[in-house]
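Structure at a glance
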Amino acid sequence: MEATGPALTLEFELAPAAATRLARHPAIAAARSSRTRSAAEELIWLDGTEGELAEAGLVLEAGPRGARRLQSILPDGALPWLPGTPAGPAEEPEPEAAGEPVPIAAFSGRRSLLPLVTPEGAVQADLLVGKLRAVAAERPVARLCLTGPAPALLALARQLAADLPMLPPRAALAEEGRALALGTPPRPRHHGPPRLDGAATVEEALLAAIGHLLEAMLYHAPACRPDAGPEGVHQMRVALRRLRSVLRVFRPAARCPAVEDFDARLKVLARLLGPARDWDVFLAGLGAEAAAVLGPDRRIAALLKAAEARRQAAYLALRQELDRPGFRRLVLDGLALLLLRPWREAAESTERQALLSAPLPEFAAKLLDRRWRKFRAEGEEIAAHSAGALHELRLSTKRLRYAAELFAPLWPGKASRRFLKRLSRLQEELGLVNDSTVARMLVGSLAGVPAWAAGAMEGFAAAQLDRARRHALSAWEDLMLAAAFWSDS
């Protein structure tokens, strides 16, 4: 049966070499309803000499016949955000510029329109293939926009992504052009924790948080490679952890098989991000500290060389997974949560349905109260905690922090900022305790390294552990003096 519902447009970035295979893909060939229309396409993007439009998240786009239109290339803050949302007409007036706008980047290539009829509904495919050009640089690009009802778009995208490297882009094409011209990465559409103060209901907040964090994961995924430094892995891991925390926070309202399956596959990806991050932390932390203190020593150098080889292997395994169809399916399943809202079908009880439309502050306060009480009980007698107990407390600290960050904008002011600052300090100190424990395990896993070097690293880790433990006890005491910002008492 053909799907019904409003039409929407999703944009995907394709590897340019794969774009040439799109028209021959079985899913496209089977759904083609009429002849493909293709024509040359030229786009020029302009901005003020001081970058006034970019500052406002806008760009002036000139089409092939010279007509100019103001385009929005960054989210305007409206909730929720859907990854894959293409640039669209700006709703705000054009900022005043000091002079006539000047070209900053351009696209030249071809646009092909493919009318399709799928079992789930009619879809219009709009393929743009060509070169992105700036004054001193150019690179090939390919973008695919699919327009139709959500079930049809998702079904077709899943079929294509099984064979073709395509994902929602991390930036609008105009923003990619601007970045190419400046020699910088494109600006992230979303970063950090989601801001939910604009969400009225529990469901609005859930949608906003998933969209925000899925976008953050997409942005950092290309930088998860060893030659790009550790920041990409770190930020993608943080976004993934926050996303899993969101799914747990909203589980009372959104529990359903689709959400549980999505979370399970996020967990699998987390297991690949973990080793890459652990070796990054070891090499930049304890490993670098030992090398600096002990000076040039071939035994320490041999240990660090073996650690770097393990880091490279962890990155390779992660990169291979991010380039496989499984990661693309994961992203599309995240989009399906946003578009289809499967928890509504699972919310059979009146209570579950009411919770989805409940006011967000009431839901948040109850959840934070419950977690805060459990957290305080878990940390009683912290001075006597074993390494394992401190590890569990660190995980609880992280979970509480993610939930508190999520809802803190609902209660702006000094109390929430003070609470988060102290909670973050505790997580950092407990993290150092854990880093020392992990470092000892990592060193123990290295085969064939000099025993003296391994022993030296063990010593450094033990010294760091004692220091971090003392600081963690101090941070705990400070946090216990902070007021629960979500409580009126």
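On a predicted model such as this, the values are computed, not experimentally measured, just so you know.

This part takes up the overall build of the protein. Summing up its helical and strand segments, the protein has 17 helices and nine strands in all. Its C-alpha atoms put the protein at 75 × 60 × 50 Å along the principal axes. Considering only contacts within the protein whose residues lie at least 6 apart along the sequence, 74% involve residues at least 24 apart. Just so you have it, the protein exposes about 22700 Å², and 54% of that area is on carbon and sulfur atoms. Put simply, the protein has 64 plus and 57 minus side-chain charges, and the middle of one group is 5 Å from the middle of the other.

Now for helix 7 (residues 231-249). The terminal C-alpha atoms of helix 7 lie 26 Å apart, and with 19 residues this matches the ideal 27 Å at 1.5 Å per residue to within 8%. The element helix 7 is extensively covered by neighbouring structure, given that 14 of its 19 residues are classed as buried.

Bringing the sheet that holds strand 4 (residues 68-72) into the picture now. Here nine strands make up an open sheet; going across it, the order is 5-4-3-2-6-7-8-1-9 and the pairing antiparallel. The open sheet terminates on both sides in strands that have one partner only, identified here as strand 5 (88-89) and strand 9 (166-167).

On to the packing of aromatic side chains, then. Summed over all chains, the structure comprises eleven aromatic pairs. Note on Phe 485 and Trp 486: the rings are 5.0 Å apart at their centroids and 85° apart in plane angle, and the pair reads as edge-to-face. In terms of burial, Phe 485 and Trp 486 fall into one category: buried. Within the aromatic cluster, the residues linked to one another by ring pairs are Trp 372, Phe 375, Trp 411, Phe 419, Trp 476, Phe 485 and Trp 486. The ring of Tyr 219 has Arg 170 lying over it, and the distance from NZ or CZ to the ring centre is 4.9 Å. We note Arg 299 situated over the ring of Trp 452; from NZ or CZ to the ring centre the distance is 3.9 Å.

In this section: a nonpolar patch on the surface. Together, Val 293, Leu 294 and Trp 452 give the surface a local cluster of nonpolar side chains, amounting to about 280 Å² of exposed area. Note on placement: Leu 294 falls in helix 9 (residues 257-294).

What follows covers the packing of helix 15 (residues 387-407) against helix 16 (residues 414-445). Running from N to C, helix 15 and helix 16 cross one another at 150°; their axes reach a closest spacing of 9 Å. The angle between helix 15 and helix 16 places the two elements in the roughly antiparallel class. Relative to helix 16, helix 15 is oriented so that their crossing is left-handed. Taking contact as the criterion, the partners of Leu 390, His 391, Leu 393, Arg 394, Thr 397, Lys 398, Leu 400, Arg 401, Ala 404 and Glu 405 in helix 15 are, on helix 16, Phe 419, Leu 420, Leu 423, Ser 424, Leu 426, Gln 427, Leu 430, Gly 431, Val 433 and Asn 434. Of the residues belonging to the contact of helix 15 with helix 16, the class tally is ten nonpolar, six polar and four charged.

This part is about the nonpolar core. Counting residues in each nonpolar core, the largest one holds 130 residues, and the members touching the most others are Phe 250, Leu 269, Phe 282, Trp 343, Phe 407 and Phe 419. For this core, the leading source of residues is helix 6 (residues 202-220), giving twelve residues. Discounting residues that sit within four places of it in the chain, Trp 343 has contacts with Glu 203, Leu 206, Leu 207, Ile 210, Ala 253, Ala 254, Cys 256, Val 259, Leu 337, Arg 352 and Leu 356. If you look at the next biggest cluster of nonpolar residues, it comprises 14 residues, including Ala 105, Phe 107, Leu 128 and Val 141.

Quick look at the pattern of salt bridges now. Per the counting criterion, the structure on display carries 29 salt bridges. Between Asp 297 and Arg 299 there is a salt bridge; the shortest N-O distance is 3.0 Å. With a relative accessible area of 18%, Asp 297 lands in the buried category. Each of Arg 158, Asp 261, Arg 265 and Asp 333 takes part in a single network of salt bridges with overlapping partners.

Moving on: unusual backbone geometry. Following Leu 79, the chain continues into Pro 80 via a peptide bond in cis, with omega recorded as -10°. With respect to the helices and strands, Pro 80 occurs in the loop between strand 4 and strand 5. We note that Arg 341 has phi near 50°; this positive angle belongs to a residue other than glycine. Looking at the secondary structure, you find Arg 341 in the loop between helix 11 (325-340) and helix 12 (343-346).

Each pair of packed helices can be summarised by the angle the axes make with each other and by the distance between the axes. Between helix 7 and helix 9, whose axes approach to 9 Å, the crossing angle comes to 150°. Taken together, the axes of helix 7 and helix 9 lie roughly antiparallel to each other. When you trace helix 7 past helix 9, the crossing you get is left-handed. Each residue belonging to the contact of helix 7 with helix 9 can be placed in one class, and the counts come to twelve nonpolar, two polar and seven charged.

Further remarks concern the side chain of Asp 333. Along the chain, Asp 333 turns up in helix 11. Its relative accessible area of 18% is what places Asp 333 among the buried residues. In this view, Asp 333 contacts Arg 158, Asp 261, Phe 262 and Arg 265; residues no more than four positions away in its chain are not counted.

Attention shifts here to the environment of Arg 170. Along the chain, the position of Arg 170 falls in the loop between strand 9 and helix 5 (173-182). Distance in space between the C-alpha atoms of Arg 170 and His 190 is 9.7 Å, their sequence separation being 20 residues. A polar atom in the side chain of Arg 170 sits 3.1 Å from the backbone oxygen of Tyr 219.

Cut-offs and rules
- Residues numbered from 1 in each chain as written.
- Predicted model: local features only at pLDDT ≥ 70, side-chain atom pairs only at ≥ 80, totals over all residues.
- Heavy atoms only, no water.
- Helix = DSSP H or I, 4+ residues; strand = E, 2+ residues; numbered from the N terminus.
- Contact = heavy atoms within 4.5 Å.
- Areas by Shrake-Rupley, 256 points an atom, 1.4 Å probe, with all protein chains shown as cover.
- Lys, Arg positive; Asp, Glu negative; His and termini not counted.
- Charge placed at Lys NZ, Arg CZ, Asp CG, Glu CD.
- Expected span 1.5 Å × (residues − 1).
- Buried < 20%, exposed > 50% of the residue type's maximum accessible area, 1.4 Å probe, protein only.
- Pairing = 2+ DSSP bridges.
- Phe/Tyr/Trp six-rings, centres within 6.5 Å; stacked < 30°, edge-to-face > 60°.
- Lys NZ or Arg CZ within 6 Å of the ring centre and 35° of its normal.
- Patch = residues over 30% accessible without salt bridge, like charges linked within 9 Å, V, L, I, M, F, W, Y side chains within 5 Å.
- Salt bridge = Lys/Arg side-chain N within 4 Å of Asp/Glu carboxyl O.
- Axes fitted to C-alpha atoms, helices over the stretch in contact; angles between N-to-C directions.
- Parallel < 35°, antiparallel > 145°, perpendicular 65-115°, else oblique.
- Left-handed = near helix turned anticlockwise from the far one by under 90°.
- Nonpolar A, V, L, I, M, F, W, Y, C, P; charged D, E, K, R; others polar.
- Core = buried A, V, L, I, M, F, W, Y, C linked by side-chain atoms within 4.5 Å.
- Polar contact = N/O pair within 3.5 Å; in protein donor to acceptor, adjacent residues only side chain to side chain.

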